[in-house]
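Structural characterization, general
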Amino acid sequence: VAATLPVQWLMPMLGWRGIFWVLAALLVLSMAVIAGIVPPWQTGGLAPSMRTDARTGAGAGAEGIGYGDIARHPYFRMMVPLGFINYGGMVAVQTLWAGPWMVRLGGASAEASATGLFAINLSMLCAFWLWGTAMPALSRRGLTAERAIAAGTPLSLVLLAVVVVLGGDAGWPMWAAFCVASTCMALSQPAVAMAMPEQAAGRALSAFNLAIFAGVFCAQWGIGLVIDGLQALGWEEDASFRGAMGLYLLACTLGYALFLTGWRRVRRAKLAA
């Protein structure tokens, strides 16, 4: 069988150790390029109105703001459910469960599944690049991160519902569509950092990333636990996978609803300030 993926091309020449050395070198190179071309932080950024006090919503400096203050910040609390459930869960599905879904429900071979996962990741890479390229211009035209997330997340919910309904017939294109639609939630990461005073942005982003990766772990583990539990109750494999993903869809709907509720509170606080 002809090699179809970059790793398959490189394995005979480099081996696993060589591939990981190449990845390490590329990571160092990317760090150097980012350090060289990214401009310094500009106070105010794209959303200066979001820089609010952690407790009251009024403008404040960053001195003395710790992780507890960040956790109580209304903007941070608005974004955490979405980051933990929806965004973290999407990463969990993309990294762990899309492959078994294609193999065990769709009957795909290991090579076809790997090719599908490569296509999913490539689609997401293009989507992230497009968001990064277009968002500054869209922001100048009034499209905030919150509005983009509010408009884009329902599409991801609909596509995940289609995956659940299709079951084994949902191949990599449907999974790619769901993951690409979910990339709008990546805008929450810079938005959280920019909602804080400049000196607290790094801590806020670290805390938010922790919430996202905690969501990744919980979704990876939780989906598998539900699948095993349903099979122990006598469900067929197809039904147990679809049931677990349907439960995750309900959790995502809840995460989106909590985001909308928090966004309304933040907007009311800004209007009252």
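Look up a bit, the structure's there.
Residues numbered from 1 in each chain as written. Predicted model: local features only at pLDDT ≥ 70, side-chain atom pairs only at ≥ 80, totals over all residues. Heavy atoms only, no water.

This brings us to the overall build of the chain. Within the chain, the regular secondary structure consists of nine helices and zero strands. Each helix (α) and strand (β) of the chain, taken in turn from the N terminus, gives the series α-α-α-α-α-α-α-α-α. Relative to its full complement of 273 residues, the chain shows a buried share of 40%. Across the chain, every contact between residues at least 6 apart in sequence was considered, and the portion connecting residues at least 24 apart equals 76%. With the model as given, the accessible surface of the chain reaches about 14,600 Å², and the carbon-plus-sulfur share is 70%. (Helix = DSSP H or I, 4+ residues; strand = E, 2+ residues; numbered from the N terminus. Buried < 20%, exposed > 50% of the residue type's maximum accessible area, 1.4 Å probe, protein only. Contact = heavy atoms within 4.5 Å. Areas by Shrake-Rupley, 256 points an atom, 1.4 Å probe, with all protein chains shown as cover.)

One finds M79, W175, M245, Y248 and F259 to be the most contacted residues of the largest nonpolar core, which totals 64 residues. Broken down by element, the residue count for this core peaks at 16 residues, all from helix α3 (residues 74–105). The residues touching M79, leaving out its near neighbours within four places in the chain, are E146, I149, S188, A191, V192, F208 and F259. (Core = buried A, V, L, I, M, F, W, Y, C linked by side-chain atoms within 4.5 Å.)

Attention now goes to helix α1 (residues 6–37). Between its first and last C-alpha, α1 extends only 28 Å over 32 residues, short of the 46 Å set by a 1.5 Å rise per residue. Maximal helix bending in α1 amounts to about 105 degrees, located at L14. (Expected span 1.5 Å × (residues − 1). Bend = angle between axes of the 7 residues up to and from the residue.)

Turning to the environment of Q94, a few remarks are in order. Residue placement: Q94 occurs in helix α3. Residues Q94 and F178, 84 residues apart in the sequence, show an inter-C-alpha distance of 9.5 Å. When neighbours within four sequence positions are excluded, Q94 is seen to be in contact with L117, I120, N121, M124 and C179. Engagement of the side chain of Q94 in a polar contact is seen with the side chain of N121, the distance being 2.5 Å. (Polar contact = N/O pair within 3.5 Å; in protein donor to acceptor, adjacent residues only side chain to side chain.)

Let's shift gears to helix α4 (residues 110–140). Over its 31 residues, α4 runs 45 Å from end to end, which matches the ideal 45 Å to within 8%, given 1.5 Å per residue. By the largest-angle criterion, A134 marks the main kink of α4, which is about 40 degrees, and a proline, P136, follows within four residues. Among the structural elements, α3, α5 (145–166) and α6 (172–182) are those in contact with the buried residues of α4. Of the residues one or two after α4, G142 is the one with positive phi, at around 100 degrees.

Another point: the packing of α3 against helix α8 (residues 201–232). As a packed pair, α3 and α8 sit with axes 7 Å apart at the nearest point and diverge in direction by 45 degrees. Here α3 is positioned oblique relative to α8, judged by the angle of their axes. In this structure, α3 crosses over α8, and the sense of that crossing is right-handed. Residues belonging to the contact of α3 with α8 are distributed by class as follows: 21 nonpolar, eight polar and one charged. (Axes fitted to C-alpha atoms, helices over the stretch in contact; angles between N-to-C directions. Parallel < 35°, antiparallel > 145°, perpendicular 65-115°, else oblique. Left-handed = near helix turned anticlockwise from the far one by under 90°. Nonpolar A, V, L, I, M, F, W, Y, C, P; charged D, E, K, R; others polar.)

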